[in-house]
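Working through the structure, step by step
The residues making up each chain are set out below.
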Amino acid sequence: MATTAQFRQALRVGPPGDSWHKPALSAVVTLGTLNLTLLVLGRLDLALYTSAGGLGALYGHGLPYRARARTLAGVLLGTVLSTAAALTAAALTRDAVLLVAVAAALAALHRLGCDAARVGPPGSLIITFTTASCAFVPQRPADLPPHLALTVLGAALAWLVCMAPALLRPYGPERIATARALEAAARLARTGSGASDATARTALVGAVDAARRSLALSSPARRRALGDAPERLLVHAEVALATPTTRAADPAAASAADPAAAERYADWARDLRRGRPLPLLDLTGAEAAELCARRPDPRPSPSRALRPGSALLPIALRVAVGCAAAGWLSLALGVGRPYWAVVTAASVFQANSTLSWQRALQRVLGNLLGLALFTAALPVAHSGPVALIVLGLLCQFGAEATIARSYWLATVFVTPMALMMTEFAGRQPAATLVADRWLDTCVGALTGLAACLLVTNRRTATRLSHALAGAETATRAARAAVAAVGSEAAATAAAARTGLAAALLELREAADTATGEWRRPALPHQRAADTEQHGHHLLAALLARRGAGAGAVQVPEARPGRKGRGAL
């Protein structure tokens, strides 16, 4: 039973993202160029095919440019292949039941592929939206090559637009990732070192890990040109994690914030974001030696996420079952565009059941408000094709401007944008459009939630058990490294700290995912909470040792867990 607090959490509007303008502007430039070109040629009815590739401009903006080029190529290739499959199905059959099955199968493949490759926002939903739409547009076999060529053209333009900023700020993604780590360090320094700083502490560990991965994904030439100044900043950002150990002798100071350190981190972050020269900070001998010896972490293989027993497989099955059921139910109710129900169901499925019902609530509310916005904007949209294109681009910009703040708020803009795309092929009856969209939204949301109940994901509990075992192994290695002395102690401590940080991040993600699943076995909440707390103390001790360049330090004792559920 959902509580009032959970409803408030689902509808909460957060702060704006720090780089929302990048996908927003990229999509507007790409789609605007494509749609205006089609308008000049008098073929605006072909906008669906160019948009299928052009919406790839929303991907990859947080990645260094070498990695961005690869990721975009993979996403766009998958888009083109999925569009080819959808268009082929539309050319071979007019049976809506079969087309729904094709769209549902493609949606499941999109979700599985994007999750396994960790593609990032906007995930698989954009690809599912365009391919499901293409599956329900009648085709002739002779039309397939030119229509698919338009998709390839849109994809090529999207790739060029996303890569164009490399000419102006070639190190922008790396600098922004490092700035985020420094901002996380500033938040932790303002919070102080007490029991209440666990969230900020985990956020800093994750931000430093993401920044180091960003630097590792840069090309070797760019890494040489950028130098080790960002890595030195990350070393100093990690110092904030050592606070519990360094202040342990003074209990009064142990819960105090450090505003001077917070301001220093914030100043460095501002310099990074504004493109200013980076300071070359001093390091201790141990820190400098570790920096020289550091090697890029290996990239996680997507195939590992697809092995038998993976927690991603039940989610893909949920998508296939839920999308198919939503589309077929929509057909049974007489809706003319059942692919909207397929897309709504695909949007509902999140990492666990709790997040899924929150997304369903957000989708329904956002669509209701979006339909009102579409109705209000319809007279302007019908004033001419230029107005229709401009309104669609404004909605696209509004969706990207608000998606980081709240999904339901972004859906307010996504809904009229999707409806206006149907107008490119010709004016549609407004009442029918609005009624079909609302009915498909309700059908898709309810069917998606039913699929979450039907297809259980008990593998989230298995993942938590594995993550907990890995974290406990990492804490044992960290305890030994903290107490070690001798010539190999520094290298052992560095390896133990890297392993412990990765284990703590996996434990937190696994715990959050498993806790939100509706039907699951009992979880070791208290054991996980105690392991996480002890792991952060050990991480602080290892960082304090590195900063001091000393030998062995006092090993933090593991505290026995209290009886009861505990907090994760």
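Preceding this paragraph is the structure being described.
Residues numbered from 1 in each chain as written. Predicted model: local features only at pLDDT ≥ 70, side-chain atom pairs only at ≥ 80, totals over all residues. Heavy atoms only, no water.

Overview of the overall build of the chain
Per the secondary structure count, the chain includes 24 helices and zero strands. Within the span of the chain, comprising 568 residues, buried residues form 52% of the whole. Residue pairs in contact within the chain that sit at least 24 positions apart in sequence constitute 82% of those at least 6 positions apart. Roughly 24800 Å² of accessible area belongs to the chain as shown, and the carbon and sulfur atoms make up 65% of that amount. (Helix = DSSP H or I, 4+ residues; strand = E, 2+ residues; numbered from the N terminus. Buried < 20%, exposed > 50% of the residue type's maximum accessible area, 1.4 Å probe, protein only. Contact = heavy atoms within 4.5 Å. Areas by Shrake-Rupley, 256 points an atom, 1.4 Å probe, with all protein chains shown as cover.)

A look at the packing of helix 16 (residues 312–332) against helix 21 (residues 430–454)
The N-to-C vectors of helix 16 and helix 21 enclose an angle of 145°; their axes lie 8 Å apart at closest approach. Helix 16 and helix 21 meet at a crossing whose hand is right-handed. Contacts from Arg318, Val321, Gly322, Ala325, Ala326, Leu329 and Ser330 in helix 16 reach Asp440, Val443, Gly444, Thr447, Ala451, Cys452 and Leu454 in helix 21. Of the residues contributing to the contact of helix 16 with helix 21, the split by class is eight nonpolar, four polar and two charged. (Axes fitted to C-alpha atoms, helices over the stretch in contact; angles between N-to-C directions. Left-handed = near helix turned anticlockwise from the far one by under 90°. Nonpolar A, V, L, I, M, F, W, Y, C, P; charged D, E, K, R; others polar.)

With respect to the nonpolar core
Within the largest apolar cluster, 72 residues are counted, with the highest numbers of intra-cluster contacts made by Tyr59, Cys323 and Phe424. With near-sequence residues (within four places) excluded, Phe424 lies in contact with Asn35, Leu44, Asp45, Ala47, Leu388 and Ile389. Trp268, Leu278, Ala467 and Ala510 belong to the second-largest nonpolar core, a separate cluster that totals 59 residues. (Core = buried A, V, L, I, M, F, W, Y, C linked by side-chain atoms within 4.5 Å.)

A word on the side chain of Gln396
Here Gln396 lies in helix 19 (residues 385–402). Apart from residues no more than four positions distant in its own chain, Gln396 is found in contact with Ala27, Leu31, Leu55, Leu58 and Met417.

Some words on a positive patch on the surface
Together, Arg66, Arg70, Arg223 and Arg224 make up a region of like positive charge exposed at the surface. Going through the elements one at a time, helix 4 (65–92) and helix 10 (220–226) are the ones with two or more residues in the positive patch. Here Arg223 is to be found in helix 10. (Patch = residues over 30% accessible without salt bridge, like charges linked within 9 Å, V, L, I, M, F, W, Y side chains within 5 Å. Salt bridge = Lys/Arg side-chain N within 4 Å of Asp/Glu carboxyl O. Lys, Arg positive; Asp, Glu negative; His and termini not counted. Charge placed at Lys NZ, Arg CZ, Asp CG, Glu CD.)

Topic: the environment of Pro16
For Pro16, the position within the fold is in the loop between helix 1 (4–10) and helix 2 (21–41). Taking C-alpha positions, Pro16 is 8.3 Å from Ile403, a pair spaced 387 residues apart along the chain.

Regarding the pattern of salt bridges
Considering all chains together, one arrives at 19 salt bridges under this definition. Notably, a salt bridge pairs Arg212 with Glu231, separated by 3.2 Å at the nearest N-O pair. On the criterion of sequence distance, the pair formed by Arg212 in helix 9 (residues 198–217) and Glu231 in helix 11 (residues 229–238) is long-range, its members being 19 residues apart. Both residues of the pair, Arg212 and Glu231, count as buried. In this structure, the salt-bridge partner of Asp271 is Arg276, at a minimum N-O distance of 2.9 Å. Ionic contacts of the salt-bridge type, sharing partners, join the residues Asp18, Arg180, Glu183 and Arg273 into one network.

What about the packing of aromatic side chains?
Applying the stated criterion to the full structure yields four aromatic pairs. Measuring from centroid to centroid gives 5.4 Å for Trp20 and Phe397, while their planes differ by 80°, and the two rings are edge-to-face. With a gap of 377 residues between them, Trp20 in the loop between helix 1 and helix 2 and Phe397 in helix 19 connect regions that are remote in the sequence. For Trp20, a relative accessible area of 27% corresponds to the partly exposed category. On the numbers, 6.0 Å between centres and 65° between planes, the contact of Tyr265 with Trp268 is edge-to-face. On the criterion of helical spacing, the pair formed by Tyr265 and Trp268 is a turn pair, its members being three residues apart in helix 13 (residues 259–273). Residues Tyr265 and Trp268 agree in their burial class; the two are buried. Every member of this aromatic cluster is reached through a ring pair, and the members are Phe136, Tyr339 and Trp340. Here the guanidinium or amino end of Arg264 rests over the ring plane of Tyr265, the centre of that ring lying 5.9 Å away. One Lys or Arg, Arg437, reaches over the ring of Trp340 and ends 5.2 Å from the middle of that ring. (Phe/Tyr/Trp six-rings, centres within 6.5 Å; stacked < 30°, edge-to-face > 60°. Lys NZ or Arg CZ within 6 Å of the ring centre and 35° of its normal.)

A few points about the environment of Asp95
Relative to the assigned elements, Asp95 resides in the loop between helix 4 and helix 5 (96–117). As a C-alpha pair, Asp95 and Phe136 span 41 residues in sequence and 9.7 Å in three-dimensional space.

Digging into the packing of helix 6 (residues 125–135) against helix 17 (residues 339–348)
With their axes 9 Å apart at the nearest point, helix 6 and helix 17 run at an angle of 165° to one another. With respect to helix 17, the element helix 6 is oriented roughly antiparallel. For helix 6 against helix 17, the interelement crossing comes out right-handed. Along the contact surface, helix 6 presents Leu125, Thr128, Phe129, Ala132 and Ser133, while helix 17 presents Tyr339, Val343, Ala346 and Ser347. (Parallel < 35°, antiparallel > 145°, perpendicular 65-115°, else oblique.)

Considering helix 3 (residues 47–54)
The buried fraction of helix 3 amounts to eight of the eight residues, a majority that puts the element mostly inside the structure. Buried within helix 3 we find Ala47, Leu48, Tyr49, Thr50, Ser51, Ala52, Gly53 and Gly54.

Let's talk about unusual backbone geometry
Cis peptide bonds are those with omega within 30 degrees of zero, and the linkage from Pro121 to Pro122 qualifies with 0°. Mapped onto the elements of the fold, Pro122 is located in the loop between helix 5 and helix 6. Phi at Arg118 is positive, roughly 50°, even though this residue is not glycine. Its place among the elements puts Arg118 in the loop between helix 5 and helix 6.

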